[in-house]
Amino acid sequence: MTDFKKYALSYISKGLSVIPISENKIPQWNWNVYQKRFMTEEEVDKAFNDGSNNSIGIVCGKISGGFDFNLNLSLTVIDIDSKNFDSSISYEDICKSIPESLLSKLLIASTKNDGRHWYFKSKINKGNQKFALRPTSVEEQSLHPNEKIRVMIESRGEGGMVAAFPTKGYNIISDIKKIPTITIEEHNCIIDAMCSFNQVIDEMECYEKFAEEKNNLFLINPFDDFNEKADLLGLLLSNGYTIVGNRKKDDVI
């Protein structure tokens with residue numbers, strides 16, 4: 001019988017927050033508190049020692065960035081869901097999309113659906129994000145009419161968690177003994193590579209992301225563009241209207 005208490009305490013000793021979860025990856029306790037602090041030994045004993053919980057989850061985000069919070073590190077896990085792939089993508093393609101030297105740094109685990117988890121820490125602290133989606137096929141839509149997309153690659157960050165070894169179906173497959181810390185540039189390299197496999201584009205979402213993240217001062221939406229260019233006063237005067245007053249926009253009505 002697997003000693004989940006031993007593994008839970010081992011994870012905590014390495015600066016990782018853990019929670020008990022079900023086989024369906026549902027937290028068995030109210031886990032909001034463990035996004036801010038680690039379980040005590042008494043709580044671990046209560047959660048895992050009686051054998052009722054045979055799955056363990058690692059809480060992502062800043063709490064699992066390490067004991068020294070002044071370093072501002074955060075745990076991110078890239079969730080590569082192979083069961084949602086189509087013929088245009090393979091796990092080998094994903095591995096080749098980032099430098100081999102970077103891939104070799106990551107702690108990699110296999111999941112119960114033959115997927116992969118890539119673990120790393122960095123100074124980027126974001127919530128769960130979806131990077132690569134694809135439209136469902138005609139056959140998939142016939143079986144699940146309301147399902148329009150499948151998520152192939154996403155992340156678990158602040159507010160997220162992942163099932164971890166020794167949960168059934170989850171195993172560590174890399175040789176790394178601890179979760180590595182990577183640079184912001186390396187973190188962004190991974191995210192850019194994961195996004196390159198996306199097949200679903202939401203135009204408004206792309207616009208908002210581009211405008212916000214790139215701070216593009218030359219990008220303007222159609223309504224603001226009209227207000228900037230249109231000469232409404234001249235249009236009125238040319239059609240016989242006369243100005244009888246000029247109230248400033250800040251005047252009280």
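Up top is the structure these notes are about.
Anyway, here's the lowdown on the structure attached to this text. Quick caveat: nothing in here was measured; it's all calculated off a predicted structure.

How each quantity is defined
- Residues numbered from 1 in each chain as written.
- Predicted model: local features only at pLDDT ≥ 70, side-chain atom pairs only at ≥ 80, totals over all residues.
- Heavy atoms only, no water.
- Core = buried A, V, L, I, M, F, W, Y, C linked by side-chain atoms within 4.5 Å.
- Buried < 20%, exposed > 50% of the residue type's maximum accessible area, 1.4 Å probe, protein only.
- Helix = DSSP H or I, 4+ residues; strand = E, 2+ residues; numbered from the N terminus.
- Expected span 1.5 Å × (residues − 1).
- Arc of directions from axis to C-beta.
- Contact = heavy atoms within 4.5 Å.
- Pairing = 2+ DSSP bridges.
- Axes fitted to C-alpha atoms, helices over the stretch in contact; angles between N-to-C directions.

1. A word on the nonpolar core
Inference 1: The biggest cluster of nonpolar side chains holds 31 residues, and the ones touching the most others in it are Val18, Met39, Phe48, Ile58, Leu75 and Tyr119.
Inference 2: Those elements giving two or more residues to this core turn out to be α1 (4-13), β1 (17-20), α2 (41-48), β2 (56-59), β3 (74-80), β4 (107-110) and β8 (161-164).
Inference 3: Membership of the second largest hydrophobic core comes to 24 residues, among which are Ile80, Phe85, Tyr91 and Phe131.

2. Some remarks on helix α6 (residues 184-195)
Inference 1: Look at α6: 16 Å from first C-alpha to last across twelve residues, which is about the 16 Å you get at 1.5 Å a residue.
Inference 2: Those residues of α6 lying buried are Glu186, His187, Ile190, Ile191, Ala193 and Met194. Along the axis of α6, the buried positions cluster into a sector of 160 degrees, meaning they face one direction only. Among the exposed residues of α6, those pointing more than 90 degrees away from its buried face are Glu185 and Asp192.
Inference 3: The elements touched by buried residues of α6 are β3, α3 (91-96), α4 (100-103), β5 (116-122), β6 (129-135) and β7 (149-156).

3. Some words on the sheet that holds β1
Inference 1: Taken in spatial order, the three strands make up an open sheet running β1-β2-β8, and their pairing is antiparallel. Edge positions in the sheet fall to β1 and β8, since each of these pairs with one other strand and no more. Adjacent strand axes in the sheet meet at a mean angle of 35 degrees when their direction is disregarded.
Inference 2: Two elements, β1 and β2, share four bridges in a ladder whose sense is antiparallel. If you follow Val18 over to β2, its bridge partner there is Ile58.

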